[in-house]
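Residue-level structure breakdown
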Amino acid sequence: CPGASDTQVLRLAASEGRWLLTFDREYGELVFARAVPPPPAIVYLRQGPYAPEWPARAILDLLPQAGWVVGHLVVVSGRSVRRRPLPAA
């Protein structure tokens, strides 16, 4: 969806039941502060000094834990993984 707004991307992910993988922290604000309906999961990869393959490895590590990810905003950094429950859609 080139040119789509962040709100449009969230709504599309929610309507298609897809996880949203992003480097953009503003999706959390849209969901929590502006009450835009969330997708099943948002995985926010914090930018930092890491190897180019790190984002792919981080996502692959989360896939077997889908039950732990769904229903949450998951913040992944080079040192930690934390999650916050998403508001009900």
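Structure's up top.
Notes on the structure follow. What you see as residue numbers is a count from 1 along each chain, following the sequence as written. Where local features are concerned, this predicted model is filtered to residues with pLDDT of at least 70; where side-chain atom pairs are given and counted, the filter is 80 or more; whole-chain, interface and lining totals use all residues. Neither water nor hydrogens contribute to the side-chain values; these are computed over all heavy atoms in the structure.

1. Remarks on the environment of Leu-10
Here Leu-10 is to be found in helix H1 (residues 6-16). Each C-alpha atom, one on Leu-10 and one on Ile-42, is 9.3 Å from the other, the two residues being 32 residues apart in sequence. Setting aside residues no more than four positions away along its own chain, Leu-10 makes contact with Leu-20, Tyr-27, Leu-30, Val-31, Val-36, Pro-37, Pro-39 and Ile-42. To qualify as a helix, a DSSP run of H or I must reach at least 4 residues; to qualify as a strand, a run of E must reach at least 2; elements of each kind are numbered from the N terminus. Contact criterion: two residues are considered in contact whenever any of their non-hydrogen atoms come within 4.5 Å of each other.

2. Structural notes on the environment of Pro-85
With respect to the helices and strands, Pro-85 occurs in strand E4 (residues 81-85). Measuring from C-alpha to C-alpha, the distance between Pro-85 and Val-74 comes to 8.7 Å, with eleven residues separating the pair along the chain. Not counting residues within four places of it along the chain, the set of residues in contact with Pro-85 comprises Phe-32, Gly-71 and His-72.

3. Examining the packing of aromatic side chains
Centres within 6.5 Å are what make two rings of Phe, Tyr or Trp a pair, Trp counting through its six-membered ring; a difference in plane orientation under 30 degrees is then read as stacked, over 60 as edge-to-face, and the rest as tilted. As enumerated under the stated definition, the model contains one aromatic pair in all. The interplanar angle of 35° and the centroid separation of 4.3 Å between the aromatic rings of Tyr-50 and Trp-54 together place this pair among those described as tilted. Exposure remark for Trp-54: the relative accessible area of 13% places this residue in the buried category. Positioned above the aromatic ring of Phe-32, the side-chain terminus of Arg-84 is 3.7 Å from the ring centre. Each residue gets one of three labels from its accessible area relative to the maximum for its type: buried under 20%, exposed over 50%, partly exposed in between, using a 1.4 Å probe on protein chains only. Note on criteria: charge over ring means Lys NZ or Arg CZ within 6 Å of the ring centre, with the direction from the centre no more than 35 degrees off the ring normal.

4. Some thoughts on helix H3 (residues 54-62)
Those residues of H3 not exposed but buried are Trp-54, Pro-55, Ala-58, Ile-59 and Leu-62. Mapping the buried residues of H3 onto a view down its axis gives an arc of 135°, with all of them on the same face. Looking at the buried residues of H3, the elements they touch are strand E1 (20-22), strand E2 (42-45), helix H4 (66-69), strand E3 (72-76) and E4. Relevant arc is that of directions from the helix axis to the C-beta atoms, nothing else.

5. Regarding the pairing of E4
DSSP calls a pair of strands paired once it identifies at least 2 bridges connecting them. Bridging between E3 and E4 involves five bridges; their strand directions are antiparallel. Each bridged residue has a counterpart across the sheet, and for Leu-73 the counterpart in E4 is Arg-84.

6. Some thoughts on the nonpolar core
To qualify as a nonpolar core, a set must consist of buried Ala, Val, Leu, Ile, Met, Phe, Trp, Tyr and Cys residues joined through side-chain atoms within 4.5 Å. Leu-10, Leu-20, Tyr-27, Leu-30, Val-31, Val-36, Ile-42, Tyr-44, Leu-73, Val-75 and Leu-86 together form the largest nonpolar core, which totals eleven residues. Counting residues per element, the ones that place at least two in this core are helix H2 (26-32), E2 and E3. Looking at this core, the element that brings in the most residues is H2, giving three residues. For Tyr-27, the residues in contact, after removing those within four places along its chain, are Asp-6, Val-9, Leu-10, Leu-20 and Thr-22. The next biggest cluster of nonpolar side chains, apart from the first, holds ten residues, and it includes Ala-41, Ala-58, Ile-59 and Val-74.

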